[in-house]
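Architecture and fold: a report
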Amino acid sequence: VAKDHMAIENIFAVGSAEASSRATQVEGLLNEIKNQGTALIQAGGLGVKNPKSQQTFTQDLQGIVNLAAVVLADYQLAKGN
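What you see is a predicted model; the values in this text were computed from it and never measured. (Residues numbered from 1 in each chain as written. Predicted model: local features only at pLDDT ≥ 70, side-chain atom pairs only at ≥ 80, totals over all residues. Heavy atoms only, no water.)

Right, let's talk about the packing of helix α3 (residues 23-42) against helix α4 (residues 51-79) for a bit. The interhelical angle for the contact between α3 and α4, taken along N-to-C directions, is 175°, at an axis separation of 9 Å. By the angle class used here, α3 and α4 are roughly antiparallel. Taken together, the residues of α4 that come into contact with α3 (itself represented by Ala23, Val26, Glu27, Leu30, Ile33, Lys34, Gly37, Thr38, Ile41 and Gln42) are Gln54, Phe57, Thr58, Leu61, Gln62, Val65, Ala68, Ala69, Leu72 and Gln76. Class assignment for the residues of the contact of α3 with α4 results in 11 nonpolar, seven polar and two charged. (Axes fitted to C-alpha atoms, helices over the stretch in contact; angles between N-to-C directions. Helix = DSSP H or I, 4+ residues; strand = E, 2+ residues; numbered from the N terminus. Parallel < 35°, antiparallel > 145°, perpendicular 65-115°, else oblique. Contact = heavy atoms within 4.5 Å. Nonpolar A, V, L, I, M, F, W, Y, C, P; charged D, E, K, R; others polar.)

The next point concerns α4. Here α4 spans 42 Å end to end across 29 residues, near enough to the 42 Å set by a 1.5 Å rise per residue. Here α4 has its buried residues at Gln54, Thr58, Leu61, Val65, Leu72 and Gln76. Among the structural elements, α2 (16-21) and α3 are those in contact with the buried residues of α4. The backbone nitrogen of lysine 52 has a side-chain oxygen 2.7 Å away, supplied by the residue at the start of α4, namely asparagine 50. (Expected span 1.5 Å × (residues − 1). Buried < 20%, exposed > 50% of the residue type's maximum accessible area, 1.4 Å probe, protein only. Polar contact = N/O pair within 3.5 Å; in protein donor to acceptor, adjacent residues only side chain to side chain.)

What follows is the structure, given as structure tokens:
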């Protein structure tokens, strides 16, 4: 997850034009973060054992990824891509 997060930060660090052209890559990294985070939560890697709490964490993670995808899509619309 941290590796993918760093990759996204590096894409955004080079500027908006480059980030816009690599939107598909950013979306892929967001999906990887979601999948890896969900697996980590479900495996108990975060120390969360309660199934209801695991479900809440998974839903929160999905919400964050969805929000990031919406922001990315809105940015692309604003730039005319």
